[in-house]
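Now for the letters of each chain:
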Amino acid sequence: MKKSIKKLQFKKTGTALLVLVLMLFLGSCTLITNLAGLIIHSATDTLYNFIASYFDTTDPDNAIYGSSNDLSVGFDNGNMVAFWDDYGDYSYCLQVDKSGAVNSYDIDAKNCELDLASKGYSYTDDLSLSLYGINSSSQDTLLVNYIYDGITDKEYQTYTANMSGGWTDLDRYIATRLELFEMFNYIIIFQPDMTVLEEGGNTYYCSEVSLFLGYDYLSIYPEGTKVEDAYSTEIASAISAFDDSAGYNYSHKLQDNYVECSIFLRFSYQSNPIYTTNTNTVYKSENYGLEVPHYNLAIPRQRNFEIDRVEKTVTVQTTDQLYFALKQGYRPLCLPGSNAEYIYNHMRIILSKIVGDITPPDVKMHYIYDYIVDTVIYDYVFTESILNNDESNSPEFFLYKCLYLEGVFGFTNEQTFDDKSCVAICDGIAKAILCMCTIEGIPTIKVSGTSNGVAHAWNKVNIKDDWYLVDATWGNERKENLSIEVFSHDFLMVADDPSHIEDKWIDYPSARFPYNR
């Protein structure tokens, strides 16, 4: 369960890049899905479709945008909790009505949740909740009402159990729209309960996950919308809001009670990228001119990283799992010998060289930005040749390192690091910024959207309680008609600008002002 939705959210990619969510219909199912105008109706056809991609920015029909949570009831480690987004300059009073018996609970400002179980409420109870904001003059303002419909013992046991691997706040009871978006991220990246299918000489990796939609998704849509249409559009919206690179078949089914559903995903590849382009031999970075990077690669220091103070842990194997764990606020436990272990340790070594424990957060952010911009070359060959030649209809498309942390840090197939092979697109670059900042305890999100009409990813960081835009992809400017990138600080901790248009699915925090460096 995500408690403070507006504080940490996510998404995608570069100067000429993509959101890269490739859809393939799940051939073993016979369900009908209408997604972005593509009607899939065959049980055997394999169809490819980009959602909000480099080629197609079509959104699902009747799409409703945003992920804010006014007030919800969900489960954290199986514990029943009411939670909401921060409304601003308020402390709160939550009134809970159970069968006409009303209790009021005062809650400190910024503490946007109440443990309902500790107050004697059960998941089987039908509850009516009213959230009031209390300002500095002690005046109450009704902010929102919410109805929680009790669930059965069987539903509780089935849907509120934590996902495996160490998660304490990720379960299949979907309390908010954002949780649906996050669950799709989780399923795609971790492929829970995976089975292996051999079909037609090909190997597929399949996951089927049952969910309970605990939020009133029908109320999001205009009056008169059919519940099946609202549900289908919610699923399509979750897919469109997916903020990383992946290819898969998918389908879904809604049960007759309109709250239980099944999600089917099938993958034709495993998540360890192996392919590179020759970008690093064609292009190079140049640090001439007025601006130069300010970091220094010193002898590694003995460090105390903020991530090591985090008590919640989760097991990871791939670098996308590593990224997702850090994004969700967990300390990763990397499987020995995995790509995640190599790259997690490599990032820690880099950080131990460029910053120290007492380095201020803004300077840490500055040096992380400088290091990534200085060492990583944008993968123009991938975007201008492989992508534009429409090789995306092959599972191998999603095994290019430029989409992942492997490309950012020049990780070879021999499990070594080649500093001359640090090549990535904006998706991989934005993941690296988030991971390195999170290791240092700097609140960071990955933002997806478009720039110059092309899908793009960048970051926002929180320094001294304010958010700032960081675009390390644009920190290198390609000289026109030349194979040269030139270093720049123009997109280090700046304000939102018209050239970065955020996707509408996620409620990102605003970067109002540039940082006074």
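Below: a short report on this structure. None of these values were measured; they are calculated from a predicted model. (Residues numbered from 1 in each chain as written. Predicted model: local features only at pLDDT ≥ 70, side-chain atom pairs only at ≥ 80, totals over all residues. Heavy atoms only, no water.)

**Remarks on the side chain of His346**
Here's step 1: Within the secondary structure, His346 sits in helix α6 (residues 339-354).
Here's step 2: Once residues within four sequence positions are removed from consideration, His346 is found in contact with Phe409 and Phe417. (Helix = DSSP H or I, 4+ residues; strand = E, 2+ residues; numbered from the N terminus. Contact = heavy atoms within 4.5 Å.)

**So, the pattern of salt bridges**
Here's step 1: With the rule as written, the count across this model stands at 18 salt bridges.
Here's step 2: Arg266 is the salt-bridge partner of Glu199, the closest N and O atoms lying 3.3 Å from each other. Remark: Arg266 occurs in strand β16 (residues 260-267) and Glu199 occurs in strand β13 (residues 195-199); sequence separation between them is 67 residues.
Here's step 3: Measuring nitrogen to oxygen at the nearest pair gives 3.0 Å for the salt bridge that ties Asp466 to Arg512. Placement of the pair is Asp466 in strand β24 (residues 466-470) and Arg512 in the segment after β27 (501-502), with a sequence separation of 46 residues.
Here's step 4: Taken together, the salt bridges that share partners define one network made up of Arg303, Asp357, Lys364 and Glu440. (Salt bridge = Lys/Arg side-chain N within 4 Å of Asp/Glu carboxyl O.)

**Concerning the packing of helix α7 (residues 361-375) against helix α10 (residues 426-439)**
Here's step 1: Remark: α7 packs on α10, axes separated minimally by 10 Å, with the N-to-C direction vectors making an angle of 145 degrees. As for how α7 packs across α10, the hand of that crossing is right-handed. On the side of α7, the interface is formed by Met365, Ile368, Tyr369 and Ile372, while α10 contributes Ile429, Ala432, Ile433, Met436 and Cys437.
Here's step 2: Residue classes in the contact of α7 with α10 are distributed as nine nonpolar, no polar and no charged. (Axes fitted to C-alpha atoms, helices over the stretch in contact; angles between N-to-C directions. Left-handed = near helix turned anticlockwise from the far one by under 90°. Nonpolar A, V, L, I, M, F, W, Y, C, P; charged D, E, K, R; others polar.)

**Observations regarding the layout of surface pockets**
Here's step 1: Of the voids in this model, the second largest pocket is the one considered here, and its volume is about 750 Å³.
Here's step 2: Every residue lining the second largest pocket is counted, 31 residues in all, and those nearest its centre are Tyr146, Tyr215, Asp216, Tyr217 and Ser219.
Here's step 3: Of all the elements, strand β11 (residues 140-148) adds the most residues to the lining of the second largest pocket, at five residues.
Here's step 4: Counted by class, the lining of the second largest pocket contains 17 nonpolar, 10 polar and four charged residues. (1 Å grid on protein atoms, 1.4 Å probe; cavity = no way out; pocket = protein on both sides within 12 Å on 5 of 7 lines; lining within 4 Å. Points joined across faces, edges and corners; volume = space filled by probe spheres on them.)

**A few points about the sheet that holds strand β5 (residues 72-76)**
Here's step 1: Taken in spatial order, the three strands line up as β5-β6-β9 in an open sheet, and their pairing is antiparallel. A strand with exactly one partner marks an edge of an open sheet, and here the two such strands are β5 and β9 (113-115). Adjacent strand axes in the sheet meet at a mean angle of 30 degrees when their direction is disregarded.
Here's step 2: In this structure, strand β6 (residues 79-83) lies alongside β9, joined through three bridges in antiparallel fashion. Looking across to β9, one finds that Val81 is bridged to Asp115. (Pairing = 2+ DSSP bridges.)

**Some remarks on empty space enclosed by the protein**
Here's step 1: Enumeration according to the criterion identifies four cavities of 30 Å³ or more in this entry.
Here's step 2: Taken as a whole, the largest cavity encloses approximately 100 Å³ of empty space.
Here's step 3: Every residue lining the largest cavity is listed: Ile188, Ile189, Gln191, Phe242, Ser245, Ala246, Phe267, Tyr269, Ser271, Thr318, Asp320 and Tyr404.
Here's step 4: In terms of residue class, the lining of the largest cavity is built from seven nonpolar, four polar and one charged.

**Considerations on the sheet that holds strand β10 (residues 127-134)**
Here's step 1: Pairing is antiparallel in the open sheet, where four strands are placed in the order β8-β7-β10-β11. Bordering the open sheet on either side are β8 (101-107) and β11, each of which pairs with just one other strand. Neighbour to neighbour, the strand axes of the sheet diverge by 20 degrees on average, direction disregarded.
Here's step 2: With seven bridges joining them, strand β7 (residues 91-98) and β10 adopt antiparallel strand pairing. Bridge assignment links Val96 to a residue of β10, and that residue is Leu129.

**Brief notes about the pairing of β8**
Here's step 1: Of the strand pairs in this sheet, β7 and β8 are connected by seven bridges, and their pairing is antiparallel. For Lys98, the partnering residue across the bridge sits in β8 and is Ala101.
Here's step 2: Hairpin connection from β7 to β8: two residues lie between these consecutive antiparallel strands, with Ser99 at a positive phi of about 55 degrees.

**Section: the packing of aromatic side chains**
Here's step 1: The tally for this structure, following the rule as stated, stands at 29 aromatic pairs.
Here's step 2: Pairing Trp84 with Tyr92 gives two aromatic rings, centres 5.5 Å apart and planes at 70 degrees, and the pair type is edge-to-face.
Here's step 3: Trp84 sits in the buried class, given a relative accessible area of 0%.
Here's step 4: Members of the aromatic cluster, each reached through a chain of ring pairs, are Phe75, Tyr123, Tyr156, Tyr159, Tyr173 and Phe212.
Here's step 5: A cation over a ring is seen here: Lys312 above Tyr330, with NZ or CZ 4.4 Å from the ring centre.
Here's step 6: Over the ring of Tyr323 we find Lys431, and its NZ or CZ is 5.8 Å from the ring centre. (Phe/Tyr/Trp six-rings, centres within 6.5 Å; stacked < 30°, edge-to-face > 60°. Buried < 20%, exposed > 50% of the residue type's maximum accessible area, 1.4 Å probe, protein only. Lys NZ or Arg CZ within 6 Å of the ring centre and 35° of its normal.)

Worth remembering: the numbers are spatial, not functional.
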